[in-house]
Amino acid sequence: MNYIITTEQLTKKYKNFTSVNDVSLHIRKGSIYGFIGPNGAGKSTTMKMLLGLTVPTNGSFTIDGKHFPDDRLVILKEIGSFIESPSFYANLTGRENLDIIRRILRLSKSSVEDALELVGLTEFGDRLAKKYSLGMKQRLGLAGALLGRPPILILDEPTNGLDPSGIHEIRNLVKSLLNLYDCTILISSHMLSEIELIADDIGILNHGRLLFEGSLDDLRQNALQSGFAADNLEDVFLSMVEKDNTARKQRAKL
Ligand SMILES: Nc1ncnc2c1ncn2[C@@H]1O[C@H](COP(=O)(O)OP(=O)(O)OP(=O)(O)O)[C@@H](O)[C@H]1O
């Protein structure tokens, strides 16, 4: 299998609290990998480790054949990211905000127009960022991640706070990226139903531990075996989390 990102027993501890616990991910090149988990499961922390924003306590990872930490800077050049709600200069236009990132990344001027076009913001490029709707701000954040068309995109809850039509729009946009250029996307959400329409593979995280990793078909099989309807994967996800929470409580009592 051609994996572009693999993590091996990736772990992050804050004092005596383990935020990410022995997580081994396998992300296929050219796929959309949905990283699912309830609030506080450790999704953002895992993504931050992949981006070198926080240092793993244990474990390691490889991205496109390069190893962390030795190849940290080379790795970063290959990744576009959207972590939590991105912030912008409110009194600059969308286009000007992107131009700042472009200069830092030393990309060509045309990359800004290209990114605006990819996210459908070309006609609003000269509007001040503070006048953007939430959906437009999320699009601008995605445009920032897409500058220079990086081969890997790490998107942390890009639909956070959006209404159903905004979620639908961003979902279609993310899906369309694979057709527009050759990339691999790691995208997180706390709702499986938001991701299952676009993801090829799923990783389910709870309290820092990976409960499931596999294709959507694997998850459907898992659903059937556990007595769930294969077309209601959200229930399967919630039941996995609940079962894990109950087991954790029982272990804590011993
Ligand atoms: N700097 C930090 N110091 C201490 N604990 C932290 C720190 N950063 C994160 N945590 C804890 O690690 C756990 C995982 O947090 P994380 O933000 O990775 O979860 P998440 O799955 O992204 O959640 P959400 O969906 O709410 O964003 C949480 O309990 C959080 O409080």
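In every chain, residue numbers begin from 1 and rise along the written sequence. The model is predicted, so local features are restricted to residues of pLDDT at least 70 and side-chain atom pairs to those at 80 or more, both for listing and for counting; the totals for chains, interfaces and linings are taken over all residues.

**Concerning the nonpolar core**
In this description, a nonpolar core means buried residues of the types Ala, Val, Leu, Ile, Met, Phe, Trp, Tyr and Cys, linked to one another by C-beta atoms lying within 7 Å. The exposure label follows from counting other C-beta atoms within 10 Å of a residue's C-beta, where the C-beta atoms are placed from the backbone and the thresholds are 20 or more for buried and 12 or fewer for exposed, leaving partly exposed in between. Counting 63 residues, the largest nonpolar core has Ala-115, Ala-143 and Ile-185 as its most contacted members. By definition, any uninterrupted DSSP run of H or I lasting at least four residues is a helix, any uninterrupted run of E lasting at least two residues is a strand, and each is numbered from the N terminus. By residue number, the principal contributor to this core is helix α5 (residues 134–146), which donates five residues. Each of domain 1 (3–78 + 151–253) and domain 2 (88–150) accounts for three or more of the residues forming this core. The contact criterion used is a C-beta to C-beta distance within 7 Å, with each C-beta placed from the backbone. Apart from residues lying up to four places away in sequence, Ile-185 is in contact with Ile-32, Tyr-33, Leu-153, Leu-155, Val-174 and Leu-177. Per the annotation, domain bounds derive from an automatic or database assignment of domains.

**Observations concerning the pairing of strand β11 (residues 209–215)**
DSSP bridges decide pairing: two strands pair if at least two such bridges lie between them. Across six bridges, the pairing between strand β10 (residues 201–206) and β11 is antiparallel. Bridging across to β11, Gly-203 finds its partner in Glu-213. In this antiparallel pair of consecutive strands, β10 and β11, the connection spans two residues, and His-207 shows a positive phi of 45°.

**Notes on the packing of helix α3 (residues 94–105) against helix α4 (residues 110–118)**
Only the contacting stretch of a helix is used when fitting its axis, a line to C-alpha atoms as for every element, and angles between N-to-C directions run 0 to 180 degrees. Two elements in contact, α3 and α4, have axes whose closest approach is 9 Å; the angle formed by their N-to-C orientations is 125°. Between α3 and α4, the angle is such that the two are oblique. Crossing handedness for the pair α3 and α4: right-handed. Here α3 contributes Arg-95, Leu-98, Asp-99 and Arg-102 to the contact with α4, which in turn contributes Ser-111, Val-112, Ala-115 and Leu-116. For classification purposes, angles smaller than 35 degrees are called roughly parallel, those larger than 145 roughly antiparallel, those between 65 and 115 roughly perpendicular, and all remaining angles oblique. For any pair of crossing helices, the crossing counts as left-handed if the nearer helix is rotated counterclockwise from the farther one by less than a right angle, and right-handed if it is rotated clockwise.

**A short note on the sheet that holds β11**
Spatially, six strands are ordered β7-β8-β9-β4-β10-β11 in an open sheet, and the strand pairing comes out mixed. A strand with exactly one partner marks an edge of an open sheet, and here the two such strands are β7 (79–82) and β11. Put simply, the sheet's adjacent strands are angled 15° from each other on average, direction ignored. Sheet topology places strand β8 (residues 152–155) next to strand β9 (residues 184–189); four bridges connect them, and they run parallel. By the bridge assignment, Ile-152 is partnered in β9 with Thr-184. The sheet contacts of α5 involve β7 and β8, and relative to β7 the element is tilted by about 165°.

**Brief notes about the site of the ligand**
Throughout this description, a residue near a molecule or strand is one whose C-beta atom, derived from the backbone, lies within 6 Å of it. In the neighbourhood of the ligand, the contacting residues comprise Tyr-14, Phe-17, Ser-19, Gly-37, Asn-39, Gly-40, Ala-41, Gly-42, Lys-43, Ser-44, Thr-45 and His-190. When contributions to the shell around the ligand are tallied by element, the ones reaching two or more residues are β2 (17–23) and α1 (43–50). It is α1 that contributes the most residues to the shell around the ligand, three residues altogether. Polar here means any residue other than Ala, Val, Leu, Ile, Met, Phe, Trp, Tyr, Cys and Pro, which are nonpolar, and Asp, Glu, Lys and Arg, which are charged; Gly is therefore polar. Tallied by class, the residues present in the shell around the ligand amount to three nonpolar, eight polar and one charged.

**Some points on the confidence of the model for the protein**
Per-chain confidence: the protein averages 91 in pLDDT, with 100% of residues scoring 70 or above. Under the prediction, the complex receives an ipTM of 0.97, its pTM being 0.93. As a per-residue quantity, pLDDT reports the predictor's confidence and falls between 0 and 100.

**Looking at unusual backbone geometry**
A cis amide bond links Phe-68 to the next residue, Pro-69, at an omega of 5°. If you trace the backbone, Pro-69 turns up in the loop between β6 (66–67) and α2 (72–77). If you check the backbone angles, Asp-64 has positive phi at about 50° while not being a glycine. Positive phi is not limited to glycine here, since Glu-157 has a value of about 45°. With respect to the helices, strands and loops of the structure, Glu-157 is situated in the loop between β8 and α6 (164–180). Glu-157 gets classed as buried once you count the C-beta atoms within 10 Å, which come to 22.

**Some remarks on the domain arrangement of the protein**
Many authors give the size of an interface as the accessible area that is lost as the parts come together. Assigned domains of the protein: these are domain 1 (3–78 + 151–253) and domain 2 (88–150). In this assembly, 14 residues from domain 1 lie in contact with ten residues from domain 2. Residue assignment for the side of domain 1 that touches domain 2 shows that the elements contributing at least two residues are β8 and α6. Considering each element in turn, the side of domain 1 that touches domain 2 owes the most residues, five residues, to α6. Broken down by class, the residue content of the side of domain 1 that touches domain 2 amounts to ten nonpolar, two polar and two charged.

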